[in-house]
Amino acid sequence: MCFSCCCPPAISALFYLWVRSGFSKGSVAGALTFFPPDPPLYKFQRVDKNGEVLDEADDGDDANMNTDMAENAEEEQKEGDDYDDNDDESDLGTFEINTDSSHTTRKNGEQMTTEQKKLREAQQQQQREAASQDPIVAMTERSSKLRQRAKRRARMDRADAENGVTYRFVPDLVMLGNLPSFNGTIHPMKIGPQKRTGAYVAALLYKLPPNDCCPTTKTILYSHGNATDVGAMAGLQCLIAKNLKCHVLVYDYSGYGESGGIPMEKNTYRDVKMVYEWVVNNVTKHESNVVLYGQSVGSGPSCYLASRRANVGGLVLHSPFTSGMRVLTPSRALACLDIFPNIDRIKKVKCPVFIIHGKRDAEVSFEHGLALQMAVPEDCRRDPWWVPDKGHNDIVDGPGIVEYIQRLNRFVRSLDD
């Protein structure tokens, strides 16, 4: 049966993807929800045990893509498809901190060359051309490329972990400009592997100098918004760590930046669980010293984790939504495709909650913030910040950064009262 004659192209594309994926809600939600910056706004420069810089690995190379696609069927028969799009969440049923964590980390920049700038421009042109294609072709090609990228990245990250490869953080200063100063250290790393997918998650730890730390020093675990990555967030993280006198760990979701895996709702839960475990074992030693921070789509994994960890120190929700589908429509007719049910999970948190939302938010209505504030258990509810004349992405822009830091600092300090 042909649906293109009676359905808009985008709807036909989503239906085709849904059927092709075995009626997976995660596949449809992923196509609608996750848009990693391409190319990323940073790179991890790989360094061997002797301090020598390794050749840059390009996991988007067309030759590698063709080879991988040819080998894909045989490979999946041999080892199973760890990158499938099904909605299995058996590994998310329980959550215990593993104090003998086997998660490995790999660590620790330079301006873009003329050749790299030309490559970026060519990639952007390719994206524009792809966007003008038939939606079914564009969507299915994107899905295929993400799967192949995940497989290549997993093999490379696994080999790097075995060989003791570390990292240097190289932000895209052409796009981002100079970053604020920070008197601590910035540790690039990859945390993993995921037990189910084998993926490693790219992260940056902004760590205070030892003299600035005390037993109650907090670590903010920052889950960023959509269409951004840890490179784009670098300036804000420097300011937060420096002015709040806390450590900050920001990570990229599966399929974003230097992280492996595929961007899907369930994978964001796996990501935040794994990173949280690493933070508790390697930085804070106590869950009460971890403050979860979720911006926009990051409110999903943050609410998920806060609803399951009774001892977490605090939760900050920045421009959050009540659920993914409710952003599109208040109707529950499509509830079967809903993701990130924050409005249900926020009722189960047991830590102080601070909500920030712009009153002129045109992407996620201000009413989402209001509804979440009312759903927070009364003993966990803290005064929100409803920001006048600000929208979804500009709350920390310009002079607003000063009040933002002051209010965030006030909330973090109150956690020890």
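Residues numbered from 1 in each chain as written. Predicted model: local features only at pLDDT ≥ 70, side-chain atom pairs only at ≥ 80, totals over all residues. Heavy atoms only, no water.

## Digging into the packing of aromatic side chains
In total, this model carries 13 aromatic pairs according to the counting rule given. Between phenylalanine 182 and tyrosine 206, the ring centres sit 6.1 Å apart and the planes meet at 65 degrees, which makes this aromatic pair edge-to-face. Of the two residues, phenylalanine 182 sits in the loop between helix H6 (173-176) and strand S3 (185-191) while tyrosine 206 sits in strand S4 (residues 201-207), which places them 24 residues apart along the sequence. For tyrosine 206, a relative accessible area of 0% corresponds to the buried category. By the ring-pair criterion, three or more aromatic residues cluster together here, those being Phe34, Tyr269, Tyr304, Phe321 and Phe340. (Phe/Tyr/Trp six-rings, centres within 6.5 Å; stacked < 30°, edge-to-face > 60°. Helix = DSSP H or I, 4+ residues; strand = E, 2+ residues; numbered from the N terminus. Buried < 20%, exposed > 50% of the residue type's maximum accessible area, 1.4 Å probe, protein only.)

## Here's the deal with the pairing of strand S9 (residues 353-358)
Most of S9 is tucked away: 6 of the 6 residues are buried. Residues Val353, Ile355 and His357 point to one face of S9 and Phe354, Ile356 and Gly358 to the other, with burial holding for every one of them. The pairing of strand S8 (residues 314-318) with S9 spans 4 bridges and is parallel. Bridging from a neighbouring strand, histidine 318 pairs with isoleucine 356 of S9. One ladder, built from 3 bridges, connects S9 with strand S10 (residues 385-387); its direction is parallel. Counted as the bridge partner of glycine 358 is valine 387 from S10. Read from S9 through helix H12 (residues 366-375) to S10, the crossover connection turns out right-handed. (Pairing = 2+ DSSP bridges. Right-handed = clockwise from strand over helix to strand, strands pointing away.)

## Some details on the packing of helix H7 (residues 234-244) against helix H13 (residues 400-414)
Helix-helix packing is described using two parameters, namely the angle between the two axes and the distance between the axes. Closest axis-to-axis distance for the H7/H13 pair is 10 Å, and the angle between their directions is 50 degrees. When the interaxial angle is binned, H7 and H13 end up oblique. Along this stretch, H7 crosses H13, giving a crossing that reads as right-handed. In contact with Leu236, Leu239, Ile240, Asn243 and Leu244 of H7, H13 contributes Ile401, Tyr404, Ile405, Leu408, Asn409, Val412 and Arg413. (Axes fitted to C-alpha atoms, helices over the stretch in contact; angles between N-to-C directions. Parallel < 35°, antiparallel > 145°, perpendicular 65-115°, else oblique. Left-handed = near helix turned anticlockwise from the far one by under 90°. Contact = heavy atoms within 4.5 Å.)

## Concerning H13
With 15 residues, H13 extends 22 Å between its outermost C-alpha atoms, agreeing within 8% with the 21 Å of an ideal straight helix rising 1.5 Å per residue. Those residues of H13 that fall on the buried side of the exposure criterion are Gly400, Ile401, Tyr404, Ile405, Leu408, Phe411 and Val412. For H13, the buried positions fall inside an angular range of 135 degrees around the axis, keeping them on one side. The secondary structure elements touched by the buried residues of H13 are H7, strand S7 (290-295), S8, S9 and S10. (Expected span 1.5 Å × (residues − 1). Arc of directions from axis to C-beta.)

## Section: the sheet that holds S4
The 8 strands lie next to each other as S3-S4-S6-S5-S7-S8-S9-S10, forming an open sheet whose pairing is mixed. Two strands lie at the open edges of the sheet, namely S3 and S10, each paired on one side alone. Within this sheet the neighbouring strands show an average axis-to-axis angle of 15 degrees, counted without direction. As judged from the 5 bridges shared by S7 and S8, these two strands associate in the parallel manner. Each bridged residue has a counterpart across the sheet, and for leucine 292 the counterpart in S8 is leucine 315. Contacting S3, S4, strand S5 (219-223) and strand S6 (247-251), H7 runs over the sheet at an angle of about 160 degrees to S5.

## A look at the nonpolar core
The biggest cluster of nonpolar side chains holds 45 residues, and the ones touching the most others in it are Leu221, Tyr251, Leu292, Leu315 and Ile346. Per-element accounting of this core gives the leading share, 9 residues, to helix H8 (residues 265-284). Once residues within four sequence positions are removed from consideration, leucine 315 is found in contact with Val291, Leu292, Ser302, Ala306, Ile346, Val349, Cys351, Pro352, Val353, Phe354 and Phe411. With 37 residues, the next largest nonpolar core counts Ile220, Ile240, Val316 and Leu408 among its residues. (Core = buried A, V, L, I, M, F, W, Y, C linked by side-chain atoms within 4.5 Å.)

## Considering the pairing of S5
Extensive coverage of S5 is indicated by the burial of 5 of its 5 residues. Alternating residues of S5 divide into Thr219, Leu221 and Ser223 and Ile220 and Tyr222, and every residue in both groups is buried. In this sheet, S6 lies alongside S5 in parallel orientation, the contact comprising 5 bridges. Across the sheet, residue tyrosine 222 finds its bridge partner in S6, namely valine 250. What joins S5 to S6 is H7, and the crossover it makes is right-handed. As paired elements, S5 and S7 share 5 bridges and run parallel to each other. For threonine 219, the partnering residue across the bridge sits in S7 and is valine 290.

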